[in-house]
Structure formats: C-alpha cells, structure tokens
Amino acid sequence: MRILLRVGGQVPVGSDVSQPTPNCCWNLAAALLCFVSGQLQPAVLRACLHTLRILSRDRRALGPMVTDGALFTLAHLGGIDLLQPCQLLDRSKTEAQWDRTQTQIHRAEPSGCQGAADADVKCAVSYSVTTKEVCVSTTNGSDCHFYKQRGNEGHLVLAPGKKDAREEDSEKDRKEEDGEVCRKEAMKVLCNLIYNSPQAQERASALRLLQGLWESLKQGIWSRAPPTGQFYKLRLLFLLTALRPELRVQLQQERGVLVLTTALEQYLALRWAEGHQLITDSTAPPISKEVSQDVIEILKTIFNIAHRFYRQEPDEEEAALYRHLVAVLRHCLLLSCDGADTMEELQGETRHYLRQKILPPLRDVAVRPEQDSTLRGQLVRLMTHVDTDVKDCAAELLFVLCKENVSRYVKYTGYGNAAGLLAARGLLNGRRNSGDGQFASHYSSDSDSDTEEYREARSKINLVTGRVEAEQPDPMEGMTEEEKEEEARRLICMINRLSQDQIIQPMGVTADGRLAPLWRQMRRCTEEEDEEDEEEEQEEQDLNSVPGLKDKTIK
C-alpha cells in the first residue's frame, strides 16, 4: 500500500511518494499511531500496522514510535498486557505532536475528505482541526471512512460504513482471522523498534514490557495446549534478552531456563522414561518449519540467559535442570526437519549453546587439558577412559563441537589425547578425508576467536600436551657433529633391538592419514624402488632388441 500524506505542501499532489522525506515519515508515523490507538475496522487497522511496520525499518521515522504511549499501544495490539497500569507519561507530548500535525495539514488543505485523483494514490489522509475528524480515502476516492476523536483522549471511533451488514458467521471468522493478523503485525513493529532503537530498548525495560510478554508466554506454556502463533513473541523475547543485560538477569531470576525447557518439550512432544532418558520414535514425521522456527527462538533465548553463568557453580536443583536440558538438546541434534536449511539452523543453535558451555575461549594454557577442572577437562579425561564406548563418545562430542576441524580439536584437547580419534578417522596427517568431511559444509563459517592470553602464549604451547611447558636444556649442547651422529646411531640400534624383541612396534603415518607399522612402509618403498629398477632394465632391453638401434650413438 502506498500512502500519500500531504503535510504543509511537503508532498505535492501527483508527486512521487516512493521516496518520502524524513519529516513526512515522522508525521505519517504520528498520524498512524493516533489511528491505531482507537477502534478501527480490522482492514484499516491491518493497513495502518502494516505501514507502521514498514516505517519502523527506517530509523528516521522512529521518533513517534519509541514513546511510552506508542509502545504501550503496540504491546496491547500485540496481545501483551503490561502488569503495571501505564499512565502514558508522555501523553502531553503526543497530543502536542497531534495538534502540530493537524495544524500543518489544515493549512495545506481544507477539512473533509479529499478524493485521490492520482491513479497511483491508494490512500489519502486529511484532518479537521476544529472537529478533529479524520478522513481516509482509498482506491481513488471510491471508498471513504470517517473517524472522530473523542475529546482530548486521543481515541478514534469508526463510523458505520457500507460493509457493516454481513452474515454473522462469516463476519466472526473474518474478525478472528483479522485479529490474529493484526496481532502479528503489531509484534513485528515492536520487534523492529527494539532492534533499531536503543531508546525503545530503554523505555521497554522501564515499562516492564518483558514481564508482560513473559506472562503472556507462560500462559500458553502452562495451558498444555499445542503451542501456536508464538513466533513473534518469542522473537521479541530473544531481542530483549540479547540487547538488555539487566533483562537477561531478570529472566534468569524468573526461572526462565526451566520454563523455556518446558516449552521445548511441548513443541517437540517429548516423552520421558526413567531419569533423563528420552523415548525416541524413529517413525515420527519431521517437525514442521513453523515448529522448528519457534524452537530456534527458544534455544537462542536460553543461550542468552544461561551462557553468562557457566563460571558459577550450580546448586543441586540447577544441576538437575541442566542435565534435563542437555537431554533435550541432544534430542534437538538428532531431529529431522522439513528443509535442510531449517534443520541446520536448529542444530546449529544447539551446537552453539553446547560449545559455549563446554569449550569457552581458552585463557589458562599453563594446565594440561585433562588436568583442568572445567567441563572441558572432565570430557578430555574421558577420552582416555578404559571403557571404549565412553572414550569414543567423549571424543566424538568434542570433535563435533570443534566443527570437525583438526587444528581446533588439537588446540582444545592436546595431540596426545586427540590421537585416538584422529587415527580412527584417518586424520593424523591433518587433512580431512572426503568421506569423513561429507557434513563439514553444514557447519557455520564463524572463526574461533582467541583470547589475548592465548595469543601471547601460542608460540610456547606444546601441541602434544596442550600446555606451555617449562623450558628444558638442550641435551646435545656442547656435542660435536661426530658425537651427535654417534648418538643417533646408538638410538637407532636401541629401537631396532626393542622392535625385534617385540617390545615396541615403530609406527608411521600413511598417506591416507592412518597409522601403520613402519617396517611395512619401508618394505613397500623398497619394493616400489625394486619394481622401478626392473621396469627401467626391461625398457633398456626392449630398446636394445630393436633392429637398427644397436651400437648406434647420438651425434
């Protein structure tokens, strides 16, 4: 819908309205906010909110929309009831802006409904200062609706029009559908405002918008009914917790992780066995795109709440909650969704949360990874467990969290601990096999940011142990070259003796990145050399057997 707002001659009749001036956008937003604060027909309300959504993308037009009154109105239209009675502290400013806008428009055109003669004009707006009437003319003036403002309250009442006489059943269904559309449009406007305006973020925090939104979401969660139509409320919750640190703390105190974990269980229809074991159904259909989008917003919000508390020691209740959450996150990693992009986004959010909890940026590199007291250290210790299933699971988890990147995996675990998995996957040479890397393209391309402490100590880290080792004296210091050669021969003789007695078996890395006995590689190299020599001799004999070439020289 293209709207023409003629204010003080700023947009002349018939001019191009595709590039409105900043002042025009500002006045249009103010006028539309006055409209939506009253009772409008659903079609008109939907058109006004749709226009506000477009304007909310333009930071030049945000002024009228980031006031307390505007945020309160949009929250109410979005189905959010603020817990405190809002008195609209800026009512006087809104009325002053309203009066200035009316005065400018009244100077530009006489009162009453002006027909839009232009073919491109879909809606023309005009006002009357004395009676505070508003006329909206659409589709070249073919349909005109009048509104009246009640006193100084800023409310608008829609006068009866042509389309009031309809059948009750179809009207009821249409109103329900229009109401849902209008709620979504209002939430879209709020999301844009919170994202684009720090002032809107501050005022939303002061108006306790998060509490009203949280209560609205909890009613749907505790109702046990299948959750639907909550995407934009969940998106607004994510934006508020991402942009306002105090709201993250507040939601954490409101047991946000517990409630959102319960919401995940409802969206995914999870069933539990004893303990923290989920009952999986291999025949279940993929989850729909709508459900997966809601789940993604919930996961992002859980990350906002929980990631800042990873250094704090949880109490017994919190530990049980996080174990419960881990089981849900594991289920998310195994889900199948409609569409590959949706599945990767869902699993990517889960991996991102687990990586922040298990593999935070490295700071202390003076301790070996398996000796660290963090969750990473506990998993690294399990990588050398006597139970092969436990060992493999711990190694696979850390490798996936490192996005199957060999250098990153060695960085967090040390080469000595990582060697088992790397050997099993054929990655000891640092190159990824094509078969093992078939899912590598699904990982996001964000880089692994290093801390200042790690960058300073990187050149001193022993890659085998994964820590900074104390400087050791050179064992060959002061030896001549002949003495060094003699020492090398002595070591070779000792290794040969241990190998012949089958005490040790020298191993080497093959071209495909796997371990193999070193003598096999040496034998293979010897056999290849012998074969090459035999081929050269055979070629020489063949050339000599050709008539006319014998005893000839090249001149």
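Per chain, the residues get numbers from 1 upward, laid out in the order the sequence is written. Restriction of local features to residues with pLDDT of at least 70 applies here, the model being predicted, together with a cutoff of 80 or more for giving and counting side-chain atom pairs; totals for whole chains, interfaces and linings are based on all residues. The basis for every side-chain value is the complete set of non-hydrogen atoms in the structure, without hydrogens or water.

As recorded in an unreviewed UniProt entry, the chain goes by the name Synembryn, listed as coming from Crenichthys baileyi. Per UniProt, the chain has the following entry under Sequence similarities (unreviewed entry): "Belongs to the synembryn family." UniProt positions are given in the numbering used here, feature names are shortened, and annotations may be inferred rather than shown by experiment. According to the UniProt record, the Function (unreviewed entry) comment for the chain reads "Chaperone that specifically binds and folds nascent G alpha proteins prior to G protein heterotrimer formation. Also acts as a guanine nucleotide exchange factor (GEF) for G alpha proteins by stimulating exchange of bound GDP for free GTP."

Across its full length, the chain carries 20 helices and nine strands. Residue exposure (1.4 Å probe, protein chains only): buried if accessible area is under 20% of the type maximum, exposed if over 50%, otherwise partly exposed. Going through the 555 residues of the chain one by one, you find that 39% of them count as buried. Segments assigned H or I by DSSP are reported as helices when at least four residues long, segments assigned E as strands when at least two residues long, and all are numbered from the N terminus.

Multiplying one less than the number of residues by 1.5 Å gives the expected span of a helix. The end-to-end C-alpha separation of helix H7 (residues 209-222) is 20 Å, in line with the 20 Å expected for 14 residues at 1.5 Å each. For H7, a buried count of ten out of 14 residues is recorded, marking the element as mostly surrounded by other parts of the structure. Buried residues of H7: Leu209, Leu210, Gln211, Gly212, Leu213, Trp214, Ser216, Leu217, Lys218 and Ile221, and no others.

For the rest of this paragraph, the subject is the side chain of Ser216. Structurally, the position occupied by Ser216 is in helix H7. You can call Ser216 buried: its relative accessible area is 15%. Pairing of N or O atoms within 3.5 Å defines a polar contact, subject to two protein rules: one partner must be a possible hydrogen donor and the other a possible acceptor, and residues neighboring in sequence count only if both atoms are side-chain atoms. Of note is the side chain of Ser216, whose polar atom sits 2.6 Å from the side chain of Lys233. In this view, Ser216 contacts Gly79 and Lys233; residues no more than four positions away in its chain are not counted. Every residue pair with non-hydrogen atoms within 4.5 Å of one another is taken to be in contact.

What follows covers the packing of aromatic side chains. In this analysis, rings of Phe, Tyr and Trp, with Trp reduced to its six-membered ring, are considered paired at centre separations within 6.5 Å, and the interplanar angle assigns stacked below 30 degrees, edge-to-face beyond 60, and tilted for intermediate values. Taken as a whole, this structure holds two aromatic pairs when the rule is applied. Relative to Tyr232, the ring of Phe231 has its centre 5.0 Å away and its plane inclined at 80°; by these criteria the two rings are edge-to-face. For Tyr232, a relative accessible area of 26% puts it in the partly exposed group. Placement of a positive charge over a ring is assigned whenever Lys NZ or Arg CZ falls within 6 Å of the ring centre and within 35 degrees of the normal to the ring plane. Looking at Lys357, its charged tip hangs above the ring of Tyr322, at a distance of 4.9 Å from the centre. Its end group placed over the ring of Tyr454, Lys411 keeps NZ or CZ at 4.6 Å from the ring centre.

Before going further, it helps to spend a moment on the pattern of salt bridges. The term salt bridge refers to a side-chain nitrogen of Lys or Arg lying within 4 Å of a carboxyl oxygen of Asp or Glu. Within the structure shown, the criterion is met by 20 salt bridges. Taking the shortest distance from any N to any O, the salt bridge between Arg203 and Asp68 comes out at 2.8 Å. Placement of Arg203 in helix H6 (residues 198-206) and of Asp68 in helix H3 (residues 68-77) is noted, with a sequence separation of 135 residues between them. The class of Asp68 is buried, set by a relative accessible area of 8%. Among the salt bridges present, the one from Arg183 reaches Glu180, with a minimum N-O distance of 2.9 Å. Here the residue Arg183 and the residue Glu180 both occupy positions in helix H5 (residues 168-196), the gap between them amounting to three residues, near one helical turn. Because the salt bridges share partners, they merge into one network encompassing Arg53, Glu185 and Lys188.

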